[in-house]
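Chain residues, written in single-letter form:
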Amino acid sequence: MNSPLALLGGEPAIRQPRPHFSWPPITEQSKQAVADQLAESVSIYDRSGVVAELEDALADYFGVRHAVLMSSGTAALHAMYAASLIEPGDEVIVPAYTFFATATPLLHLGAIPVLADCDETGNISVTEVAAKLTPKTAAIVATHMWGIPANLPALRALAQEHHLPLLEDGSHAHGASLGGQRVGGFGQAAAFSMNGPKPLSAGEGGFVLTNDDDTYFRTLMFAHYNKRCRTEIPSSHQLHRFAVTGAGLKFRIHPLAAAFAFEQLSHLDEYLAGRAHIAKLMCDELQELPGIEVPRIPDKHQAAWYGLPLTYVPDELGDVPVERFHQALLAEGLSEVDRPGSTCPLNQLPLFQSPAVLLPHQPEFAQLHYQPGQFPVAELVHRHTLKLPVWHREEDVPLARAYVDGIKKVVEHHHDLKG
Ligand SMILES: *Cc1c(COP(=O)(O)O)cnc(C)c1O
């Protein structure tokens, strides 16, 4: 067949060698911050040095009373759930569509992750959450998928009405906001990852935010035994006598990671503003195309643009399957266009279909068997999501435009992909 599409023998739209995107930005200043920390200390046992500086800066940035650093987002979620007094047999409503670590720590507390479907935005549906409430519900959890804020006001109202804690997994959404208020401070607590590609990166790391003193003390008890518990939990507090051992786990961040993240945090708003500019530029052009839907962000909301999730609409493009459309984009040299794999509806993962195989000591799980097909909206959204990176530097605008042009080209020639 004679077609300009690169998949069918034509010239690719982009010839620039890959990768086309890298994160986090590593500058001379970030190298210096790590080198300085290396000279200062590489283990911090208490809340001092860069650990105290970064926790103070995070609490200030997010407008909360307490920030506690952790070794990862997964560890932060684990500590947040334990500190929220999630117990064996409790049901915790979590998004069906999220990264699995939103839910996996619950399995280690013997709690049942009750999956709730998303709406067409990809974020947890408030109606679905309401439909999943039972007398055993112990908390409601929201993830802000790809950095787009979930409907926190409605979730908070629902949680308050049922006297349940609202918890956030903010791992995609550092600095995203609703009506001027940053995500991470809407509920009883929030957990964030600072893993490599996250909007705020430590390389590896995470943190818990809370306004509630007892949640803070229990977070320390679960994840930061000895010095931190001894000095930060008042001796009059009923938990203080456990301070030496805590609950026995240690989820401390590495000081070099904290130093790196502290330097990154000082640029976060500038990076987010750059991303917002480029995301708008891409969305303005892409929304004109048939077959491609861009996320609609309400006026007063700000996304962190961890990614730009496009929705492919095959019936507007002659029912070309998403797999073939994606192949055509890759062939055009748009190597960063991703169909997310491990971030998928949790019912598609073996751990949520048969948790008892890996976690046999939890009797609660013998009856837990999620199956494909149970979360139709999440499964459809996931199937048709094409995720683009969002660059933040002005010098990347031509590349962002080249991605837009590559997508336009494949849309224009989609007839050639049929049959
Ligand atoms: C990355 C991520 C996590 C896990 O964080 P780690 O730092 O990799 O342990 C949890 N939830 C979401 C939504 C994430 O994106």
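Draft legend 1. Quick peek at the packing of helix 11 (residues 322-331) against helix 15 (residues 397-412). It is the contact of helix 11 with helix 15, at a shortest axis distance of 10 Å, that shows an interaxial angle of 130°. With respect to their mutual orientation, helix 11 and helix 15 come out oblique. Helix 15 is crossed by helix 11, and the crossing has right-handed handedness. Facing Phe325, Ala328 and Leu329 of helix 11, the residues of helix 15 in contact are Gly406, Ile407, Val410 and Val411.

Draft legend 2. Summary view of the sheet that holds strand 7 (residues 177-178). Reading across the sheet, the three strands line up as 8-7-12 and stay open at both edges, with antiparallel pairing between neighbours. In the strand order of this sheet, the two ends are held by strand 8 (181-182) and strand 12 (301-302), each with one partner. Strand direction decides the pairing type here: strand 7 and strand 8, joined by two bridges, are antiparallel. Bridging from a neighbouring strand, Ser177 pairs with Arg182 of strand 8.

Draft legend 3. Examining the site of the ligand more closely. Around the ligand, a shell composed of 15 residues is seen, among which Gly73, Thr74, Asp169, Ser193 and Lys198 lie nearest. For the ligand, an oxygen atom lies 2.9 Å from a polar atom in the side chain of Lys198.

Draft legend 4. Broad picture of the sheet that holds strand 13 (residues 308-312). Across the sheet, which stays open at both edges, the three strands sit in the order 11-13-15 with antiparallel pairing between neighbours. Only two strands of the sheet have a single partner each, and these edge strands are strand 11 (292-293) and strand 15 (385-388). Across four bridges, the pairing between strand 13 and strand 15 is antiparallel. The partner of Thr311 across the bridge, within strand 15, is Thr385.

What counts as what
Residues numbered from 1 in each chain as written. Predicted model: local features only at pLDDT ≥ 70, side-chain atom pairs only at ≥ 80, totals over all residues. Heavy atoms only, no water. Axes fitted to C-alpha atoms, helices over the stretch in contact; angles between N-to-C directions. Helix = DSSP H or I, 4+ residues; strand = E, 2+ residues; numbered from the N terminus. Parallel < 35°, antiparallel > 145°, perpendicular 65-115°, else oblique. Left-handed = near helix turned anticlockwise from the far one by under 90°. Contact = heavy atoms within 4.5 Å. Pairing = 2+ DSSP bridges. Near = heavy atom within 4 Å. Polar contact = N/O pair within 3.5 Å; in protein donor to acceptor, adjacent residues only side chain to side chain.

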